[in-house]
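Next come the chains, spelled out residue by residue.
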Amino acid sequence: MINYREKIADILAPHIEGLERDEILPMIEVPADSSKGDYAFPCFKLAKIMRKAPPMIAKGIAEAIEGEKMFQKVESVNAYVNMFMSKAEFADNVVKEVIEKDEDFGRSDIGAGRTVIVEYSSPNIAKPFHIGHIRSTVIGNSIYKIYDFLGYDTIRINHLGDYGTQFGKMICAYRKWGNKEDVIREPIKSLLSYYTKFHEEAEKDPSLEDEARAIFVRLENGEPEEVELWQWFRDESLREFNRVYDMLGITFDSYNGESFYSDKMPAVVQELKDKGLLVEDNGAQIVKLDQFDLPPALITKSDGSTLYITRDIAAAIYRKNTYDFYKNIYVVASQQNLHFQQWKKVIGLMGYDWADDCVHVPFGLVSMEEGTMSTRQGRVIFLEDVLNRAVEQTRKIIMEKNVNTENVDETAREVGIGAVIFNELSNYRIKDYVFSWDKVLNFEGETGPYVQYTHARACSILRNAGEAVMASAKEGFDASRITSDSAHALIKLIYEMPEVIAEAGEKYEPSIVTRHIVDIAQAFNKFYHDEHILVDDETEKTAKVALVMAARNVIRNGLDLLGMKAPEKM
């Protein structure tokens, strides 16, 4: 794709005193108001260099570059040089490339030869896979897809919460109040009821907490009975989790959770000791972080058991040795900010210069209109139930609206689950928000169904146009026939897509892609409303069909980066 900013910088450079071409490039702007041009160059900075008023400088530059073929018009307005692209040339370049590259439009090789790890989802074994987990799961999956699209060798890791004191509690509760038949029939719901019962009883009898800690120490030491129960809980949980992942279309390269690092932690503790970083504090081992204005990092408890931070240090060292990562990304809630600050400082103190290549990507919390959730109190909303309800409600909407689809169940699944994913990714990840069914399943406005419907509308136009017209559009078209204001606005948004994807990767922010494909969908629908596409004039029809193909391709690619399907009929 032609980089128009760079071309403009090349054109401007000979006419600007005191600034090099590479200094001019970042100064070039895209006006929010299209009546002020496709690109603009502010001249305020040149006043001191050229010893003239900015409006005079802008006027001189505008006159100097006005004859350039790339521009339809150049004008100076106050201190700005406003540049209007030649619409036909711009349309020809952009639409042709999108059609040629198809599914690869926006793909990049900037990450070639570099490995990025994305750790996401990471639910706790034997606990519900609830609505609170959806953020890490879908944000992480989208970040993985974006980095993969940018050419990185991307590794997906589901760092399962399959270790820790809670397993002592779970085993203790199962032995006291559980039975095998219930766990086999309803694994997570049964285990959750035992976990809830444990906390109810522990309030009356605090000695249960000591009993649970002792069980976990036996588990850490590899006692067969504890290990056998733990492995059973893990296997049953994964079966349930995978049912949800299948619904979301998500897979992982590794399920190495906390337990995987149990035999690697003694070496980490020894290394911290050898490097003089461990300090004893009431029987526990800590690393002091006063110099960073952080509380001490607790490495082992007084009973010798390990903590999250110990396992995360072992995991980071293992990943560096195994994958030699360029980036090691952790998609984990903002509640864990302090943990990651401490962990990163400890790794740095250990002398590992790759500590800065480990990136915590925090996100805000999701709550339901029904109220807050608590695993300990058994008050949770299962993610599988949310997805099933979304599919069922979408199915009802499809039947009521008599939606054009050959497979109601498949479309309901793609749109319903897509609506939940899109809702998650339409919010800035750091923002807390309340999940609303009315907003999620709205077919109008800035929602997943709206964007999917726009894709289906484009597909419908192309079916009606026929294979012959589409084949003709692929071979070439008269770009002067797609230079109206609505067509030009759509083409500009399509052109920006590769830059948008790169920015989303750089900022770990899928919502940048989400918002952009909403903009493209809205621009496409305005073009559809303003223009009659399948006209009698074959030349005009071919050009407009080419633009429809380009818009369809970009919306589909954007939905895929979010982890969504793009139905062809709705």
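Residues numbered from 1 in each chain as written. Predicted model: local features only at pLDDT ≥ 70, side-chain atom pairs only at ≥ 80, totals over all residues. Heavy atoms only, no water.

## Observations regarding the sheet that holds strand β9 (residues 327-331)
Step number 1: With parallel pairing, four strands are arranged side by side in an open sheet as β5-β4-β9-β10. This sheet does not close on itself; its edge strands, each paired only once, are β5 (153-157) and β10 (358-361). Within the sheet, the average angular offset between the axes of one strand and its neighbour, ignoring direction, is 20°.
Step number 2: Across four bridges, strand β4 (residues 115-119) lies against β9 in parallel orientation. Its bridge partner lying in β9, Glu119 is registered against Tyr330. (Pairing = 2+ DSSP bridges. Helix = DSSP H or I, 4+ residues; strand = E, 2+ residues; numbered from the N terminus. Axes fitted to C-alpha atoms, helices over the stretch in contact; angles between N-to-C directions.)

## Considerations on empty space enclosed by the protein
Step number 1: A complete count under the given rule lists two cavities of 30 Å³ or more for this structure.
Step number 2: In this structure, the largest cavity encloses a volume near 50 Å³.
Step number 3: Along its surface, the largest cavity is lined by Ala419, Phe422, Asn423, Ser426, Lys439, Val440, Glu446, Thr447 and Gly448.
Step number 4: Contributing elements (two or more residues each) for the lining of the largest cavity: α16 (408-425) and α17 (437-440).
Step number 5: If you tally residues by element for the lining of the largest cavity, the top one is α16, at three residues.
Step number 6: Partitioning the lining of the largest cavity into residue classes produces three nonpolar, four polar and two charged.
Step number 7: Empty space within the second largest cavity amounts to approximately 30 Å³.
Step number 8: Together, Val138, Asn141, Leu248, Ile250, Ile421, Leu562 and Gly563 line the second largest cavity. (1 Å grid on protein atoms, 1.4 Å probe; cavity = no way out; pocket = protein on both sides within 12 Å on 5 of 7 lines; lining within 4 Å. Points joined across faces, edges and corners; volume = space filled by probe spheres on them. Nonpolar A, V, L, I, M, F, W, Y, C, P; charged D, E, K, R; others polar.)

## Describing the layout of surface pockets
Step number 1: Its boundaries defined by the atoms lining it, the second largest pocket holds a volume of some 460 Å³.
Step number 2: Lining the second largest pocket we find 19 residues, and of these Ser34, Asp38, His488, Ala489 and Lys492 sit closest to its centre.
Step number 3: Going through the elements one at a time, β3 (80-85), α20 (485-507) and α21 (511-530) are the ones with two or more residues in the lining of the second largest pocket.
Step number 4: Per-element tally for the lining of the second largest pocket: the top contributor is α20, with seven residues.

## Some thoughts on the sheet that holds strand β8 (residues 297-300)
Step number 1: The strand order β6-β7-β8 describes an open sheet built from three strands, whose pairing is antiparallel. Where the open sheet ends on each side, the last strands, each with one partner, are β6 (278-281) and β8. The sheet shows a mean angle of 45° between the axes of neighbouring strands, taken without regard to direction.

## What to know about the side chain of Thr514
Step number 1: In this structure, Thr514 sits in helix α21.
Step number 2: Classification of Thr514 by relative accessible area gives buried; the value is 1%. (Buried < 20%, exposed > 50% of the residue type's maximum accessible area, 1.4 Å probe, protein only.)

## Topic: the nonpolar core
Step number 1: Counting 194 residues, the largest nonpolar core has Phe41, Val81, Phe233, Ile313, Ile329, Phe435 and Ile494 as its most contacted members.
Step number 2: The element contributing the most residues to this core is helix α22 (residues 538-561), with twelve residues.
Step number 3: Once you skip the residues sitting within four places of it in the chain, Ile329 turns out to touch Val116, Ile117, Val118, Glu119, Ile143, Tyr147, Val359, Val361 and Tyr508. (Core = buried A, V, L, I, M, F, W, Y, C linked by side-chain atoms within 4.5 Å. Contact = heavy atoms within 4.5 Å.)

## Some points on unusual backbone geometry
Step number 1: The backbone of Ser121 shows a phi angle near 75°, a positive value even though the residue is not glycine.
Step number 2: When you line up the elements, Ser121 lands in the loop between β4 and α6 (134-149).
Step number 3: The backbone of Asp293 shows a phi angle near 60°, a positive value even though the residue is not glycine.
Step number 4: On the basis of relative accessibility, which here comes to 74%, the residue Asp293 falls in the exposed class.

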